[in-house]
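Breakdown of the fold
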Amino acid sequence: MKNIHITNHAELMLRIMQLKSEKLSQETELKHSAKEFIYSISPVSIVKDSLHELAQDEDVKFDMTKVGLNIGANFLIDKIVGRNRSIKGFLGAMLIEKLSSKFINNNTSSIISGIGRLISAKKK
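Residues numbered from 1 in each chain as written. Predicted model: local features only at pLDDT ≥ 70, side-chain atom pairs only at ≥ 80, totals over all residues. Heavy atoms only, no water.

1. Examining helix H1 (residues 9–41)
Relative to the 48 Å expected for 33 residues at 1.5 Å per residue, H1 spans 48 Å between its end C-alpha atoms, a close match to the ideal helical length. Two or three places before Ala10, at the start of H1, stands the capping residue Asn8, its side-chain oxygen 3.3 Å from that residue's backbone nitrogen. (Helix = DSSP H or I, 4+ residues; strand = E, 2+ residues; numbered from the N terminus. Expected span 1.5 Å × (residues − 1). Polar contact = N/O pair within 3.5 Å; in protein donor to acceptor, adjacent residues only side chain to side chain.)

Below is the structure:
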């Protein structure tokens, strides 16, 4: 902190205004830094940032597509075969689900490209 020589009342008032202005800008900067710090340690922001990073990864996108296709196939199988209706339906649904998951996991890229062609054909 500098020691400034003040000789009259006008210089004193000017120096007081300068110090108040510096104080206000420092308080604003401190508040901004505190908010950034709190945001950076927030668990929600950490999870959100991690998910955004994962969403950019192509391998994760591919794996999530596989999961989505398997869930959709299992849902349709349950609705068509009727897993909860009988033992026969349950066993049939389990067998078809195992076969469909093998098929989906082995042919995911061709399934995705086929879906993409269907979507692009509907747009035209």
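2. Points about a nonpolar patch on the surface
On the surface, Ile4, Ile6, Leu12, Met13 and Ile16 cluster together into a nonpolar patch covering about 380 Å² of accessible area. Locating Leu12 in the fold gives a position in helix H1. A relative accessible area of 38% places Leu12 in the partly exposed class. (Patch = residues over 30% accessible without salt bridge, like charges linked within 9 Å, V, L, I, M, F, W, Y side chains within 5 Å. Areas by Shrake-Rupley, 256 points an atom, 1.4 Å probe, with all protein chains shown as cover. Salt bridge = Lys/Arg side-chain N within 4 Å of Asp/Glu carboxyl O. Buried < 20%, exposed > 50% of the residue type's maximum accessible area, 1.4 Å probe, protein only.)

3. Considering the packing of H1 against helix H2 (residues 43–56)
In contact at an axis separation of 5 Å, H1 and H2 are set at 65° when each is read in the N-to-C sense. Taking contact as the criterion, the partners of Tyr39, Ser40 and Ile41 in H1 are, on H2, Pro43, Ser45, Ile46, Lys48 and Asp49. Here the contact of H1 with H2 is built from residues that sort into four nonpolar, two polar and two charged. (Axes fitted to C-alpha atoms, helices over the stretch in contact; angles between N-to-C directions. Contact = heavy atoms within 4.5 Å. Nonpolar A, V, L, I, M, F, W, Y, C, P; charged D, E, K, R; others polar.)

4. Digging into the packing of helix H3 (residues 58–82) against helix H4 (residues 87–106)
Interaxial distance between H3 and H4 falls to 9 Å at its minimum, and their mutual angle equals 155°. The angle between H3 and H4 falls in the class roughly antiparallel. Of the two possible hands of crossing, H3 and H4 adopt the one that is right-handed. Facing Lys66, Leu69, Asn70, Ala73, Asn74, Ile77, Asp78, Val81 and Gly82 of H3, the residues of H4 in contact are Gly89, Phe90, Gly92, Ala93, Ile96, Glu97, Ser100, Ser101, Ile104 and Asn105. Residues that form the contact of H3 with H4 fall into these classes: eight nonpolar, eight polar and three charged. (Parallel < 35°, antiparallel > 145°, perpendicular 65-115°, else oblique. Left-handed = near helix turned anticlockwise from the far one by under 90°.)

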